[in-house]
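Fold and geometry: a report
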Amino acid sequence: ETGVTQTPRHLVMGMTNKKSLKCEQHLGHNAMYWYKQSAKKPLELMFVYSLEERVENNSVPSRFSPECPNSSHLFLHLHTLQPEDSALYLCASSQVTSGGGYEQYFGPGTRLTVT
Amino acid sequence: AQSVTQLGSHVSVSEGALVLLRCNYSSSVPPYLFWYVQYPNQGLQLLLKYTTGATLVKGINGFEAEFKKSETSFHLTKPSAHMSDAAEYFCAVSGGGGGSNYKLTFGKGTLLTVNP
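In this text the structure is predicted, and so the values were computed from the model without any measurement.

1. Quick word on the overall build of chain A
- Within chain A, the secondary structure is distributed over 0 helices and 11 strands.
- For the C-alpha atoms alone, the extent of chain A along its principal axes is close to 45 × 30 × 30 Å.
- Relative to its full complement of 115 residues, chain A shows a buried share of 50%.
- As presented, chain A carries roughly 5300 Å² of accessible surface, and 49% of it is formed by carbon and sulfur atoms.
- Averaging the positions of the 10 positive and the 10 negative side-chain charges in chain A gives two centres separated by 11 Å.

Written out as structure tokens, the structure reads:
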């Protein structure tokens, strides 16, 4: 595997289910990100992990719970979601240094539908 | 704070015509600038980036962009559109160092359609 991979690619879940999204980066980067992309809305940054510590949580509802067990893996645990949470969830990674400005590499996304 | 404005949510061109997608940014520090492309049901792919040095940046698939500090712009161009260029394009900015330099601020995107 190369780049950033995400599983599953598609997920349909009921409002009472619990599921997890998985992201793995094979680039040796030290930062990972979760984004939400909804139709007709800008890309929303949800969480950022840098060196395995969460450095940003953009007022995301508690029904979304991230986990970063190591620098290569990132999970997004989902429970009791709402229909408005249906979206494309994108994972990305980057190499962060003091110099900044390094590009992010994105996975293909998980298309989530909440019924 | 940084922000990105992409002028035109939808641009339509004929195959073989010039592609011009506009991006203006706001940044309190020297910016690093990026263009990404997203094909349907896929993630974002980096087209090109500007960090320092030459202000005309060449990317993949024949695209290029020019950083104009005086105009706070980073417009994306391609001399001749192909059908395969139909996609959504995102401009993004990050700070040049310190603070939240790990963050990218994205524009709302421009959907490019190419007519035969």
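This is not the end of the story, as more comes after the structure.
2. Focus on the sheet that holds strand 3 (residues 19–26) of chain B
All names here are of chain B.
- The strand order 1-3-8-7-6 describes an open sheet built from 5 strands, whose pairing is antiparallel. Looking at the sheet topology across the chains shown, the edges are occupied by strand 1 (3–7) and strand 6 (56–58). Taking each pair of neighbouring strands and ignoring which way they run, the sheet shows an average axis angle of 20°.
- Both strand 3 and strand 8 (residues 73–78) contribute to a ladder of 4 bridges, which runs antiparallel. Directly across from L20, in strand 8, lies its bridge partner T77.

3. Digging into the pairing of strand 11 (residues 110–115) of chain B
Residues and elements named next belong to chain B.
- Of the two faces of strand 11, the one holding T110, L112 and V114 is buried and the one holding L111, T113 and N115 is not buried anywhere.
- Relative to strand 11, strand 2 (residues 10–14) runs parallel, the two sharing 5 bridges. Residue V13 lies in a different strand from strand 11, and its bridge partner there is V114.
- Where strand 9 (residues 87–95) meets strand 11, 3 bridges bridge the pair, whose relative direction is antiparallel. Bridged to A87 within strand 11 is L112.

4. Here's the deal with the pattern of salt bridges
- What the rule picks out here adds up to 5 salt bridges over all chains.
- The residue E44(A) makes a salt bridge to K41(A) at a minimum N-O spacing of 3.6 Å.
- Given the relative accessible area of 28%, E44(A) is considered partly exposed.
- The salt bridge involving K58(B) is made with E64(B); its shortest N-O contact spans 2.8 Å.

Reading the values: rules and limits
- Residues numbered from 1 in each chain as written.
- Chains lettered and ligands numbered in written order.
- Predicted model: local features only at pLDDT ≥ 70, side-chain atom pairs only at ≥ 80, totals over all residues.
- Heavy atoms only, no water.
- Helix = DSSP H or I, 4+ residues; strand = E, 2+ residues; numbered from the N terminus.
- Buried < 20%, exposed > 50% of the residue type's maximum accessible area, 1.4 Å probe, protein only.
- Areas by Shrake-Rupley, 256 points an atom, 1.4 Å probe, with all protein chains shown as cover.
- Lys, Arg positive; Asp, Glu negative; His and termini not counted.
- Charge placed at Lys NZ, Arg CZ, Asp CG, Glu CD.
- Pairing = 2+ DSSP bridges.
- Axes fitted to C-alpha atoms, helices over the stretch in contact; angles between N-to-C directions.
- Salt bridge = Lys/Arg side-chain N within 4 Å of Asp/Glu carboxyl O.

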